Structure formats: C-alpha cells, structure tokens
Amino acid sequence: MAEKRESIRIKDSQSRRVLDSAARRRRQRKALEALEADNFQDDPHADLRMSKKAPKFEETIDTGPQVGRKKKKRRSDIFKERFRKNFAALLEEEQMMTGDLPGYQTACVPPSHFPERHFCSVCGYPCKFHTFPSNYTCVQCGSRYCSVRCLGTHQDTRCLKWTA
Amino acid sequence: MQKHKVKLAHSLKRKALLQEINGLEKKAKVTNKASSSLEDDANGRKKKSVPNCVIKAKTVRNRIFIGDQIEDCKDLSGLYYLLAFQKGYLINWEIERQVWDYIFGKSYLDVDFDDTSIIITEPYFNFPSIQEAVSEILFEDYQFHSVFRCNSGFLTQSKYYNECKNSSELCCLVIDSGYSFTHVTPYYLDKKIKQGIKRINVGGKILTNHLKEIVSYRQLMVMDETYVMNQVKEDVCFVSLDFFKDMEIAKKHSTANTIVRDYVLPDYTHIKRGHIRDPEDAGTKPTGSEQIIRLNNERFSVPEVLFHPSDIGIQEMGLAETVVHSISCTPEEMHPHLYNNIVVTGGNGLLPGFKERLYNDVRAMAPCELDVRVTCSDNPVNYPWQGGVLMSEHSDFNKQLVTKAEYEEYGYNLCMERFDV
Ligand SMILES: [Zn+2]
Ligand SMILES: [Zn+2]
C-alpha cells in the first residue's frame, strides 16, 4: 500500500516537473549537437571487432595493390605524432597563434538582427504570425505549439523525454 | 619539358551525390577529391565525384565501402558513415588516407606521382597543423611532383573572372554552401579579404539531419537512413520565395495544397531508388508494401534554415544577412563591386530557388542605390574544380606550385610563404 502511494507520488511530481531555464538550454544544446551527428545508429559491424576476419580501420581494404613498405611505416609514424589532434585542441592551438587576428572564431557570424520566428514544435507551422495567430507555450518545457491537438501530441511523445 | 598531369583535390566533405561531368576535354587528369572527386582523362572516360567517406552496410559484413565503391552495395538502408572531417576540418587521417589511397590507387586514377601535380583545396582558416599535415602527406607519403594548396574560393574567383572577362570585374563575393558549413568570402582580384570571411555553421548535413528528425517525429522513424533521406532532400526540398505564403498553401487541403508530395521510399528489393509518387495516384491507396512518407511544409522549412538558422535555435545570421555583414567588413569602395558580383558554389546551390531567394533577400537589405547580381552555375558543386582546370592550363601555373625538390630543400616554410590558405 505504502509502495503504491509512493509510486503515484513520484509519477505525479514528474508529470508536473517544470524545467528551469538552464535545463531548457541544456536540452536545446543537445538537440543541436544531434544535428551535427554523422550517424544516429551504432556501428553495424561493432560486433565484428573481436573477430579476426573483421576489417580493421588502419588497413586499406579493396583499394587495389599499392603502398610500399616504406610508406606504411611512415604513415603510422605520422598518425602517432603531431597530426592526431581533436577539434578542441586544434582550436586552442589556433587561438594561441593568431590571437585577435581573423580566424576560425572571429569568422563565425553573430546572431541575427531580425526577431526570432516561432513554430509549432509538433506540426512545424508558424506561431504568432498574422495568418497563424495561435501561440501557446508548454508550461513544463517551454516548447511552442499551435493547437490543443498538437499540445496533446507533444505531451504524449516528446515533452520531457529528452531531459536527463 | 615535362608535362605534368594535374590532380585537383577539393576538400569539401562527403557528398552523397555522384555526378557525371560531361564536355570537359582536358588533357590533364583531374580529381576533385575529398568530398567529391572528378576525373577526366584524355578520352573523357570516367568523370565523376566520389563521396569522401568510408561506409559500412548493415547487410554486407565482410567488407567496407570506400568512396564510390558504395555503388556496389545493393542495400543502401541503414548505412553507417565514417567521415574524416569534423565540423568541416580534416581530423581523422586514417579515414582520409583510405579514401586517398583508393582514389590515387591502381583501381581508380592510377596516379603516376612523380609526374603529377595536385591542386588541393582546404577550408578557410584551416588549422595550421592540418595544413602542415596535408603538405607533408602529399610530398613525403604520396610523393607528388608538386602541390598547390588553396581555398576553393580561390579557384571560384578565377573561374568567375574568366567568365566575365569582358567586364573586367575587380571584386567578387564567393558563397560556398557545402556539407559542413557555409562561407561568404569577399575577393579583391584574387586576394581574399580576411576580415570579411564569414561562416554560418549550417550546411547540407544539418539540413539532412533536420529533415530526418522531423520526419521521424511526425511520421516514420528514419533516423538511421541518412543516405535515403539525403536523396529525399535532394528530390523534394526547395527554397521558398515567400515563406509564410507557402506555409499557408501547405496548410490547405486536397488540391488547394500544391506543395504536398508523397514520396515512395526504396526497399532495395523492388524499389531501388526512392521517388516522388505520381501526383495522379495521390488519392489512391499505395499498392503492395510501398512505404510512403508525406512531405509538406518540410519541403521548404528545411532549406529555410540556411536563411534563418534561428528557426531551429542556431543563433546565427542567415545567408543574406551574412552577405551584407561580410561586405560591411570591406573597404567602402568595394561594396558596389561585391554586391554586383555574388557567385554561389557548393551543393546547397542546387536547391531550387536558392539563387532567387538569395537575390530577393540581399536586394531587400542592401543599400538601394547599389545593384545586386547573383550568379550560380548549373553545376555549383564543380565550379571551383573548373577553376582549377583553368588554373592548371595557365602559363603561370608552374610558378605557383611548390615542387617536391623545393619542399625538400626549403621545407614546409616555403608552403607557408607561397600558399594563401
Ligand atoms: Zn501544431
Ligand atoms: Zn513540453
């Protein structure tokens, strides 16, 4: 009995949870990061890794005969040394070298001067535009929606799904 | 005198579209490598782009596919991509080397390195250590006879000025809207004006991923189908010339909605390639096991992100605003020339309506006394490559290169001096 009450209370508090602005920003950032992803799924050959038959990355496969012994040695040297750097490291290196001069950071355009436009997060139609006057905001997560129907879909599917 | 064959490499990113280039009659053998690779030999035999990636297929477990080898794969669903580029910069050399080995190798171009010059393009503000790595690998590893490195905009401006020979233009504004990002770069003659180079972090990849995302949410789970959805994008998306009007049309029902399209997804058994369903069949039920998605406001709200990144929460200027911003960072006497010589390159230029919308938006924001002109060739992807072909034929070409002998004598410093990347 006590257990049951407990679980109801948890459920209730979850359903009424309101995301603060930091959580909303975090959620937005995650969504943007997802747009940069090369793949959504996992490597379909991941389970082959263990097997000897599996093609390894470092090897060239089906590229025809080439690459003398000398090259092969060089190549592994190169990879080990200076040129294996991730994006963040390269960016830091550039900043140290260029300072305030034009570079990767300064080339990025600033935010737009035009007002942001709003769309229903479910159906994608504009909100708060003269022929699309509806404009509601989800109390819990801040998403926009255009109608009761879209709000229902939103609550059933996405509303707090992505919050961690 | 030695006659060098020329390789032209282009380090855009993966481009899932393979294109046949016709009508090039060059003696030089040219490759537009990284994202897209074009080849042309004396007989005009093989000329095409090669995707710059390594692909794993769900159904084929005993091999991987490098570049255009994916053409051998019968089932293109759920492809898994390995890309050497991250945010548009070459980060993973293991992958890139596999692609280069394949393209330069026996089964493809069969390059005679001792007798071949390569032109390779790199993104603006390419990181110093990547630039060094490119030089070192081309000279020391592949042992090319000579190398020329530049931004693709450099090749674009030379092609562009060549086309408007008669008017003797002094400036142009190069827009390169590719897979990873979009750059706007002002050129005075062949020199880029660094403080005017502007980047929007929106490219074809984000558009395809956004399309995947909204279709998956609204209709059918297609998050794993990057290859298929990229084709959907290329087949149905367009840049709206009147966004809110098109939204109104898309909201209408039956025949009043002239925007909605049904798209038949490939199943790789009966349907080898996805396609728009014949509008005649619109009212009828799909036959058999056809899987159909309906594209409506998605058709133009996806490319709209290029013009309004903030629509999806990317707090950056849109393309037209960026054009105005970029030009405002150049000396004032250049402004009339730049507004009048806007040239579009990159795969997103293939979206129907791109050029017209860009013109409309820039026209609306530019000072009214200045003329605005936007050009975009039928093949904006290969436009820089064509500039590379022109360059390789020019009598000055040998002076712009760094040869292997020079590299060995003077080292990488000479590359830094001679190349403006
Ligand atoms: Zn809605
Ligand atoms: Zn919500």
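It should be emphasised that the depicted structure is a prediction, and the values quoted were computed from it without experimental measurement.

A.B. asks: Any chance you could explain the domain arrangement of chain B here in plain terms?
C.D. replies: When the parts come together, some accessible area is lost, and that loss is often what is quoted as the size of the interface. All names here are of chain B. Split by domain assignment, chain B resolves into domain 1 (15-152 + 381-418), domain 2 (155-202 + 310-376) and domain 3 (204-303). Opposite the ten residues of domain 1 that make contact, domain 3 presents eight residues. Counting each side, the surface lost to burial between domain 1 and domain 3 is near 810 Å², with a carbon and sulfur contribution of 58%. Where domain 1 packs against domain 3, one counts one residue pair in polar contact (both at pLDDT 80 or more).

A.B. asks: Sorry if this is basic, but what is going on with the coordination of the zinc ion (ligand 1) here?
C.D. replies: Ideal values differ by geometry: the angle at a metal is 109.5 degrees with four tetrahedral donors, but 90 or 180 degrees with six octahedral donors. Residues and elements named next belong to chain A. Those protein atoms acting as donors to the zinc ion (ligand 1) are Cys120 (SG), Cys123 (SG), Cys146 (SG) and Cys150 (SG), and they sit at 2.2 to 2.3 Å. Coordination at the zinc ion (ligand 1) comes from four donor atoms whose angles at the metal span 103 to 116 degrees, giving a geometry best classed as tetrahedral. If you list the donors of the zinc ion (ligand 1) from N- to C-terminus, the spacing comes out as C-x2-C-x22-C-x3-C. With cysteine 123 in the loop between β1 (118-119) and β2 (126-127) and cysteine 146 in the loop between β4 (144-145) and α6 (148-157), this residue pair connects regions lying 23 residues apart in the sequence. Here cysteine 123 falls in the buried class, since its relative accessible area comes to 18%. Residue class for cysteine 146 comes out buried when judged on its relative accessible area of 11%.

A.B. asks: When you look at the nonpolar core in this model, what are you seeing that I'm missing?
C.D. replies: When a protein is soluble and globular, its nonpolar side chains tend to lie buried together. Residues and elements named next belong to chain B. Counting residues in hydrophobic clusters, the biggest one holds 67 residues, and the most contacted among them are Trp93, Trp100, Phe104, Leu138, Phe144 and Phe148. Ranked by the residues each element gives to this core, the list is headed by helix α1 (residues 93-104), at seven residues. Two domains each put at least three residues into this core: domain 1 (15-152 + 381-418) and domain 2 (155-202 + 310-376). In this structure phenylalanine 148 touches Ile118, Ile119, Ile120, Phe154, Met391, Phe397, Gln400, Leu401 and Phe419, once residues within four positions along its chain are discounted. Formed by 63 residues, the second largest nonpolar core is a distinct cluster that contains Ala57, Cys171, Met229 and Val305.

A.B. asks: Is there a simple way to think about the packing of aromatic side chains in this case?
C.D. replies: Note on aromatic pairs: each is described by the distance of the centres and the angle between the planes. Overall, the coordinates contain 28 aromatic pairs over all chains when judged by the stated rule. Between B:Phe243 and B:Phe300 the ring centres are 5.8 Å apart and the planes differ by 80 degrees, which places this aromatic pair in the edge-to-face class. You can see B:Phe243 sitting in helix α6 (residues 243-251) and its partner B:Phe300 sitting in helix α7 (residues 298-301), a full 57 residues away along the chain. By relative accessible area, B:Phe243 is classed as buried at 6%. Given a relative accessible area of 0%, B:Phe300 falls into the buried group. By the ring-pair criterion, three or more aromatic residues cluster together here, those being B:Trp93, B:Trp100, B:Phe104, B:Phe113, B:Tyr142 and B:Phe144. Stacked on the ring of A:Phe87, the Lys or Arg B:Lys87 has its end atom at 5.8 Å from the ring centre.

A.B. asks: Where do I start with the coordination of the zinc ion (ligand 2) in this structure?
C.D. replies: Residue and element names in this part refer to chain A. With distances of 2.0 to 2.3 Å, the protein atoms coordinating the zinc ion (ligand 2) are Cys138 (SG), Cys141 (SG), His154 (NE2) and Cys159 (SG). Coordination at the zinc ion (ligand 2) is tetrahedral: its four donor atoms span angles of 99 to 120 degrees at the metal. On the primary sequence, the residues serving as donors to the zinc ion (ligand 2) are separated as C-x2-C-x12-H-x4-C. On the criterion of sequence distance, the pair formed by cysteine 138 in the loop between β3 (136-137) and β4 and histidine 154 in helix α6 is long-range, its members being 16 residues apart. Given the relative accessible area of 3%, cysteine 138 is considered buried.

A.B. asks: It is not clear to me how the confidence of the model for chain A should be interpreted in this structure. Could you clarify?
C.D. replies: The predicted coordinates ought not to be read in detail in places where the model reports low pLDDT. Residue and element names in this part refer to chain A. Put simply, chain A has an average pLDDT of 76, and 67% of its residues get 70 or more. Note on residues 1-10: pLDDT under 50 across the span, and zero contacts to partners over four residues away in sequence or across chains. Per-residue pLDDT stays below 50 along residues 58-71; that stretch engages in 28 contacts with residues further than four places along the chain or on separate chains.

Criteria and thresholds
- Residues numbered from 1 in each chain as written.
- Chains lettered and ligands numbered in written order.
- Predicted model: local features only at pLDDT ≥ 70, side-chain atom pairs only at ≥ 80, totals over all residues.
- Heavy atoms only, no water.
- Domains from an automatic or database assignment.
- Contact = heavy atoms within 4.5 Å.
- Buried area = accessible area lost by both parts, 1.4 Å probe.
- Polar contact = N/O pair within 3.5 Å; in protein donor to acceptor, adjacent residues only side chain to side chain.
- Donors = N, O, S within 2.8 Å, 3.2 Å for Na, K, Ca; no water.
- Tetrahedral: all angles 85-135°; square planar, octahedral: opposite > 155°, others 65-115°.
- Helix = DSSP H or I, 4+ residues; strand = E, 2+ residues; numbered from the N terminus.
- Buried < 20%, exposed > 50% of the residue type's maximum accessible area, 1.4 Å probe, protein only.
- Core = buried A, V, L, I, M, F, W, Y, C linked by side-chain atoms within 4.5 Å.
- Phe/Tyr/Trp six-rings, centres within 6.5 Å; stacked < 30°, edge-to-face > 60°.
- Lys NZ or Arg CZ within 6 Å of the ring centre and 35° of its normal.
- pLDDT = per-residue confidence, 0-100.

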